[in-house]
Amino acid sequence: MEPKVYPALTFSDFWIKKFTALFYRFDKTGDGVLTIEDFTISAELMIKLAGFKGEKADAMRHNMKEVWHLYSPDGSDKIITLEEFLEVNKQVARNSFHDHEVQNKNALFWFDCIDADGDGEISQTEHACFFEFLGIDKKLSPPVFNRIDLNQDGKISREEFAAGLVDFTFNEDPNSPYNDFYGPVDVE
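Residues numbered from 1 in each chain as written. Predicted model: local features only at pLDDT ≥ 70, side-chain atom pairs only at ≥ 80, totals over all residues. Heavy atoms only, no water.

Section: unusual backbone geometry
In step 1: The backbone of phenylalanine 11 sits at a positive phi, close to 55°, despite the residue not being glycine.
In step 2: Located in the positive-phi region is glutamine 152, a residue other than glycine, with phi close to 55°.
In step 3: Mapped onto the fold, glutamine 152 is located in the loop between helix H7 (141–148) and helix H8 (158–170). (Helix = DSSP H or I, 4+ residues; strand = E, 2+ residues; numbered from the N terminus.)

Structure representation (structure tokens):
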């Protein structure tokens, strides 16, 4: 799949709205800030929902700590505000805008977290689990799943997933079919 070329990011109000919704999806304690606790809760929730055991459960805990380190490089127990979250994501987007290898690596990191059975594809059940992990009603998963599943074979490949996540990150068009990659954008 040939990488799509996007116009330079302006970090429009709509881009801010998408990433604000994502912030609140990671705020598992509901206190309006992100801490290591939110990422620990996230890991344990995904482990429970996906039925991870042993190495897969350990890998999920490790992966969520890696995500935390993106926001708190020293691994401290600091508090991340919405503004800091947005700034880190802007920096990540700026740094990877022209680097398709980095874009793919970021996308495949999340793909591997969601691919519960490790078969190299995301099933409808795994995608619904991902939405539940994000605090979104599983019933909202099928239409999003179908938009990501470009060839309509009933599973999301690594390439399809990467294309959707990259589009979510770099496309500021309010009409993009991938705006709800992480669920509905209108969240409070």
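Anyway, onward from the coordinates.
Here's the deal with the pattern of salt bridges
In step 1: Under the defined criterion, the tally for this structure stands at eight salt bridges.
In step 2: The partner of glutamate 132 in a salt bridge is lysine 138, and the shortest N-O contact between them spans 3.8 Å.
In step 3: Overall, glutamate 132 belongs to the partly exposed group, its relative accessible area being 33%.
In step 4: Between aspartate 180 and arginine 147 there is a salt bridge, and its shortest N-O distance comes to 2.3 Å. Here the residue aspartate 180 occupies a position in the segment after H8, and arginine 147 occupies one in helix H7, the gap between them amounting to 33 residues.
In step 5: The exposure class assigned to aspartate 180 is buried, which follows from its relative accessible area of 18%. (Salt bridge = Lys/Arg side-chain N within 4 Å of Asp/Glu carboxyl O. Buried < 20%, exposed > 50% of the residue type's maximum accessible area, 1.4 Å probe, protein only.)

Some thoughts on the side chain of aspartate 115
In step 1: If you trace the backbone, aspartate 115 turns up in the loop between helix H5 (100–114) and helix H6 (124–133).
In step 2: Of the side chains with opposite charge, arginine 158 comes closest to the buried, unpaired aspartate 115, at an N-O distance of 5.3 Å.
In step 3: A polar contact is formed between the side chain of aspartate 115 and the backbone nitrogen of aspartate 119, at a distance of 3.3 Å.
In step 4: Of note is the side chain of aspartate 115, whose polar atom sits 2.8 Å from the backbone nitrogen of glycine 120.
In step 5: Contacts of aspartate 115, omitting those with residues within four sequence positions, involve Lys56, Gly120, Glu121, Ile122 and Glu126. (Lys, Arg positive; Asp, Glu negative; His and termini not counted. Polar contact = N/O pair within 3.5 Å; in protein donor to acceptor, adjacent residues only side chain to side chain. Contact = heavy atoms within 4.5 Å.)

Regarding the packing of aromatic side chains
In step 1: One pass over the structure, following the stated rule, counts 19 aromatic pairs.
In step 2: Arranged with centres 6.4 Å apart and planes meeting at 20°, the rings of phenylalanine 130 and phenylalanine 133 form a pair that is stacked. Of this pair, phenylalanine 130 and phenylalanine 133 both sit in helix H6, separated by three residues, roughly a single helical turn.
In step 3: Judged by relative accessible area, which is 2%, phenylalanine 130 ranks as buried.
In step 4: Among the aromatic residues, those joined into a cluster by ring pairs are Phe11, Trp15, Phe19, Phe111, Phe130, Phe131, Phe133, Phe161, Phe168, Phe181 and Tyr182.
In step 5: Sitting over the face of the ring of phenylalanine 168, lysine 18 holds its NZ or CZ atom 4.8 Å from the ring centroid.
In step 6: Seen from the ring of phenylalanine 133, lysine 28 lies directly overhead, with NZ or CZ sitting 4.9 Å from the centre. (Phe/Tyr/Trp six-rings, centres within 6.5 Å; stacked < 30°, edge-to-face > 60°. Lys NZ or Arg CZ within 6 Å of the ring centre and 35° of its normal.)

In short, geometric facts, not functional conclusions.
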